[in-house]
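Descriptive structure summary
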Amino acid sequence: MIVRSVSHDVRRASLRERLELEGFVRLLEAHDPLSAMVGENATAVLPEVGHVEFDGFWSSSLTDSARRGLPDIELVGMRSRLQGIAEMFAVTSKPLLMDGDTGGRVEHFEYTVRDLERAGVSGVVIEDKTGLKQNSLLGTSVPQLLETVEAFSEKIARGKAAQSRPEFMIVARIESLILGMPMDDALHRASAYVSAGADAVMIHSRQSSPREVLAFAALFRAAHPTVPLVAVPTTYNTIRAEDLRAAGFNVVIYANHMLRASLRAMDAVARKILNHDRTLEVEPACADLKDLLTVEVESGRAVGA
Ligand code: SPV
Ligand code: MG
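A few points on the structure.

Next up on the list: the site of ligand 1. In the neighbourhood of ligand 1, the contacting residues comprise Trp-58, Ser-60, Ser-61, Leu-62, Asp-99, Asn-135, Ser-136, Leu-137, Arg-173, His-204 and Ala-255. Within the contact set of ligand 1, an oxygen atom lies 3.0 Å away from a side-chain nitrogen or oxygen of Ser-61. Expressed as a share of its isolated accessible area of 280 Å², the protein-covered part of ligand 1 is 99%. Residue composition of the shell around ligand 1, by class: 4 nonpolar, 5 polar and 2 charged.

If you want it as structure tokens, here you go:
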């Protein structure tokens, strides 16, 4: 595997640069250096599109919690998550968008923004919920409360005022559809958050069909032709990234797949070793040992440089 690293300044700026240049980016969840290296190096050739790769990483609160055996309720502190990101950055070159949960108290969010900027992170997504944050995909099966438009707008504005690197992005994530509120509520919030200074809007949905996010995109685009729009197609996974692009989205986030893939693979291998009382049968499901023993360092750059 190839190891690259770049300065914080170059990496931080590269997400916005890529968005402005290409108009569309694909982000893959990464939760440790190895998953980030896999995501960094993956490529494919699509008919009609040509060469594709992931443009950067998503740091997910869900996977950062789950990999510690914890629920996704803002238990894992930002400082601890940033330590993991520093390790990822030591061996990769692509930009990272941070899942900032609710952003916490507004007074804390100002510090978070500065910490993230300093760490080379390109932007933070904050969701308009309050109280005990639960994972959005749990929807209304658990108590979840929307923040008021006024309070969330103030959090965005205070975060924007706190940042010192102009390229850093604050993305307002709208949870109205997750919590069963009407489309009008989502649109009203989107416009308020853009007025408060949000650099982009994420519309989240837990429907199995993309219908509601596509409806939102059409209405949002009519009102805000140029504000970047973000989708997280975890449940409505039949839609292709290129279809989201055509519908007016600018960012697609594959939010949890690297951790889910590794969990399933590890579980199967662990049980198979016991079932066969040896490891011969699990070899086809395992990466070659040489993939762990050889790490290619690009242009003589040491790991962590
Ligand atoms: C995450 O990846 O932690 C997210 C997206 O916030 S979701 O899990 O769909 O809420
Ligand atoms: Mg999250």
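The next thing to look at is the pairing of strand S4 (residues 50–53). The side chains of a regular strand alternate between the sheet's two faces. With 4 bridges joining them, strand S3 (residues 43–46) and S4 adopt antiparallel strand pairing. Following the sheet pairing, Thr-43 is matched in S4 by Glu-53. The turn joining S3 and S4, which pair antiparallel and follow one another in sequence, is formed by 3 residues; a positive phi near 75 degrees is taken by Glu-48.

With that out of the way, let us pick up the environment of Ala-86. Mapped onto the secondary structure, Ala-86 falls in helix H4 (residues 78–90). Overall, the relative accessible area of 44% leaves Ala-86 in the partly exposed class. As for Ala-86 and Ala-270, which are separated by 184 residues in sequence, their C-alpha atoms are 30 Å apart.

Let us now look at the sheet that holds strand S11 (residues 200–203). Strand order in the closed barrel made by the 8 strands is S2-S5-S6-S7-S10-S11-S12-S13, with parallel pairing throughout. Along the sheet, successive strands turn relative to each other by an average axial angle of 25 degrees, direction set aside. As paired elements, strand S7 (residues 123–127) and strand S10 (residues 169–174) share 5 bridges and run parallel to each other. Following the sheet pairing, Val-125 is matched in S10 by Val-171. Each of S7 and S10 is contacted by helix H6 (residues 149–162), which is oriented at about 170 degrees to S10, the strand it contacts most.

Positive phi, close to 75 degrees, is recorded for Glu-48, a residue that is not glycine. Its location among the elements puts Glu-48 in the loop between S3 and S4. Judged by relative accessible area, Glu-48 falls into the exposed class, the value being 87%. For Glu-74, which is not glycine, the phi torsion reads 60 degrees and is therefore positive. Residue placement: Glu-74 occurs in the loop between helix H3 (61–66) and H4.

So, about the pattern of salt bridges. Applying the stated criterion across every chain yields a total of 27 salt bridges. Among the ionic pairs, Arg-118 bridges to Asp-115, the shortest N-O distance being 2.5 Å. Of the two residues, Arg-118 and Asp-115 are both situated in helix H5 (residues 106–118); the distance of 3 residues between them amounts to about one turn of the helix. Classification of Asp-115 by relative accessible area gives buried; the value is 14%. Residue Lys-290 pairs with Asp-288 through a salt bridge whose shortest N-O separation is 3.8 Å.

Within the protein, Ser-61 (OG) and Asp-99 (OD) serve as the donor atoms for the magnesium ion (ligand 2), at 2.1 Å. Taken together, the residues span a long stretch of sequence, with Ser-61 in helix H3 and Asp-99 in strand S6 (residues 96–99) at a distance of 38 residues. By relative accessible area, which is 4% here, Ser-61 ends up buried. The exposure class of Asp-99 is buried, given its relative accessible area of 3%.

Let's shift gears to the packing of H4 against H5. Two elements in contact, H4 and H5, have axes whose closest approach is 11 Å; the angle formed by their N-to-C orientations is 10 degrees. With respect to their mutual orientation, H4 and H5 come out roughly parallel. Seen from H4, the contacting residues are Met-78, Arg-79 and Leu-82; seen from H5, they are Thr-112, Asp-115 and Leu-116.

Two measures describe an aromatic ring pair: the distance that separates the ring centres and the angle between the ring planes. All chains considered together, the criterion is met by 3 aromatic pairs. Judged by centre distance (6.2 Å) and plane angle (75 degrees), the rings of Phe-54 and Tyr-254 are edge-to-face. Linking Phe-54 in the loop between S4 and strand S5 (56–59) with Tyr-254 in strand S13 (residues 251–254), this pair joins segments that are 200 residues apart in sequence. With a centroid separation of 4.8 Å and an interplanar angle of 65 degrees, the aromatic rings of Phe-152 and Tyr-193 are classed as edge-to-face. Residue Phe-152 is found in helix H6, and its partner Tyr-193 is found in helix H7 (residues 183–195); the two are separated by 41 residues along the sequence. It is Arg-11 that lies over the ring of Phe-89; its NZ or CZ is 3.8 Å from the centre. One Lys or Arg, Arg-114, reaches over the ring of Tyr-111 and ends 5.5 Å from the middle of that ring.

The rules we used
- Residues numbered from 1 in each chain as written.
- Chains lettered and ligands numbered in written order.
- Predicted model: local features only at pLDDT ≥ 70, side-chain atom pairs only at ≥ 80, totals over all residues.
- Heavy atoms only, no water.
- Near = heavy atom within 4 Å.
- Polar contact = N/O pair within 3.5 Å; in protein donor to acceptor, adjacent residues only side chain to side chain.
- Areas by Shrake-Rupley, 256 points an atom, 1.4 Å probe, with all protein chains shown as cover.
- Nonpolar A, V, L, I, M, F, W, Y, C, P; charged D, E, K, R; others polar.
- Pairing = 2+ DSSP bridges.
- Helix = DSSP H or I, 4+ residues; strand = E, 2+ residues; numbered from the N terminus.
- Buried < 20%, exposed > 50% of the residue type's maximum accessible area, 1.4 Å probe, protein only.
- Axes fitted to C-alpha atoms, helices over the stretch in contact; angles between N-to-C directions.
- Contact = heavy atoms within 4.5 Å.
- Salt bridge = Lys/Arg side-chain N within 4 Å of Asp/Glu carboxyl O.
- Donors = N, O, S within 2.8 Å, 3.2 Å for Na, K, Ca; no water.
- Parallel < 35°, antiparallel > 145°, perpendicular 65-115°, else oblique.
- Phe/Tyr/Trp six-rings, centres within 6.5 Å; stacked < 30°, edge-to-face > 60°.
- Lys NZ or Arg CZ within 6 Å of the ring centre and 35° of its normal.

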